[in-house]
Amino acid sequence: MEYKFTTDNFETEVLQSELPVLVDFYADWCGPCRMMAPVIGKMAEEFEGRIKVGKCNVDDNMDIAEQYRITNIPAFKVFKNGSVAAEFIGAMSAADLKDKLEKVLA
């Protein structure tokens, strides 16, 4: 399952989550972000029950983007216990993203 994170639910869905959370910071106009959409969907399926996966539109949630200093998109941050545990920037293959997520969970 893929979540949609917004200013209204970021605190409860991401920062207070018992599971680690992968947040895909994106924008609708961003080509590399659109390329990553199916990869993010695949990660949501593969890591279900281990990592909560979702997207945060930076244009609609500027306050979150500013708080986490999102300057390039797509940007991916993994939150554990309310803090950023890992971050990656730019488009990548599903295999690369999977390897990075496995390392965070190890």
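Every value quoted in this text rests on a predicted model; they were computed, and no experiment measured them.

> Even after reading the chapter, I still don't get the overall build of the protein chain, so can you show me in this structure?
Along its length, the protein chain carries four helices and five strands. Secondary structure elements of the protein chain, listed N to C terminal, follow the sequence β-α-β-α-β-α-β-β-α. For 106 residues, the compact-globule estimate of 2.2 N^0.38 gives 13 Å, and the C-alpha radius of gyration of the protein chain, at 12 Å, lies within 12% of that figure. Here the C-alpha coordinates of the protein chain stretch approximately 30 × 30 × 20 Å along the principal axes. Per-residue burial for the protein chain yields a buried fraction of 47% across its 106 residues. Entry remark: accessible area of the protein chain is about 5,800 Å², with carbon and sulfur atoms responsible for 48%.

> Would you explain the state of the cysteines in this entry?
As used in these notes, a disulfide is a covalent bond between sulfur atoms, one from each of two cysteines. Counted according to the given criterion, the structure contains one disulfide. Unpaired in this structure, C56 has its nearest cysteine sulfur neighbour in C33, at a distance of 12 Å.

> I would appreciate a short explanation of helix α4 (residues 94-105) in the present structure.
Within an α-helix, residues lying three or four positions from one another point in the same direction, as the helix has 3.6 residues per turn. Between its first and last C-alpha, α4 extends 16 Å over twelve residues, near the 16 Å set by a 1.5 Å rise per residue. Looking at α4, one finds that the buried residues are A94, L97, L101 and V104. Viewed along the axis of α4, the buried residues span an arc of 90 degrees, placing them on a single side of the element. Packed against the buried residues of α4 are β2 (21-26), α2 (31-46), β4 (75-80) and β5 (83-89).

> Can you walk me through the packing of aromatic side chains in this structure?
Overall, the coordinates contain five aromatic pairs when judged by the stated rule. Here the aromatic rings of F5 and F10 are separated by 6.4 Å at their centres, their planes lie at 85 degrees, and the arrangement is edge-to-face. Looking at F10, the relative accessible area reads 5%, which means it is buried. Put simply, the rings of Y3, F5, F10, Y68 and F79 touch in pairs and so form one group of aromatic residues. Between the NZ or CZ atom of K52 and the centre of the ring of Y3, over which it lies, the distance is 5.1 Å.

> Mind showing me how you'd approach the nonpolar core here?
The nonpolar side chains of a soluble globular protein tend to be buried with one another. Membership of the largest hydrophobic core comes to 19 residues, with the highest contact counts inside it found for F10, V14, V23, F25 and F79. Only α1 (10-15), β2, α3 (62-67) and β4 provide two or more residues apiece to this core. Here this core takes four residues from β2, the largest share from any one element. Those residues in contact with F79 that lie beyond four places of it in its chain are F10, V14, L15, L19, P20, V21, V23, Y68, V84 and A85. Ranked by size, the runner-up nonpolar core spans 18 residues in total, among them I40, F76, A94 and L101.

Each value, and the rule that gives it
Residues numbered from 1 in each chain as written. Predicted model: local features only at pLDDT ≥ 70, side-chain atom pairs only at ≥ 80, totals over all residues. Heavy atoms only, no water. Helix = DSSP H or I, 4+ residues; strand = E, 2+ residues; numbered from the N terminus. Rg over C-alpha atoms; globule rule 2.2 N^0.38 Å. Buried < 20%, exposed > 50% of the residue type's maximum accessible area, 1.4 Å probe, protein only. Areas by Shrake-Rupley, 256 points an atom, 1.4 Å probe, with all protein chains shown as cover. Disulfide = S-S within 2.5 Å. Expected span 1.5 Å × (residues − 1). Arc of directions from axis to C-beta. Contact = heavy atoms within 4.5 Å. Phe/Tyr/Trp six-rings, centres within 6.5 Å; stacked < 30°, edge-to-face > 60°. Lys NZ or Arg CZ within 6 Å of the ring centre and 35° of its normal. Core = buried A, V, L, I, M, F, W, Y, C linked by side-chain atoms within 4.5 Å.

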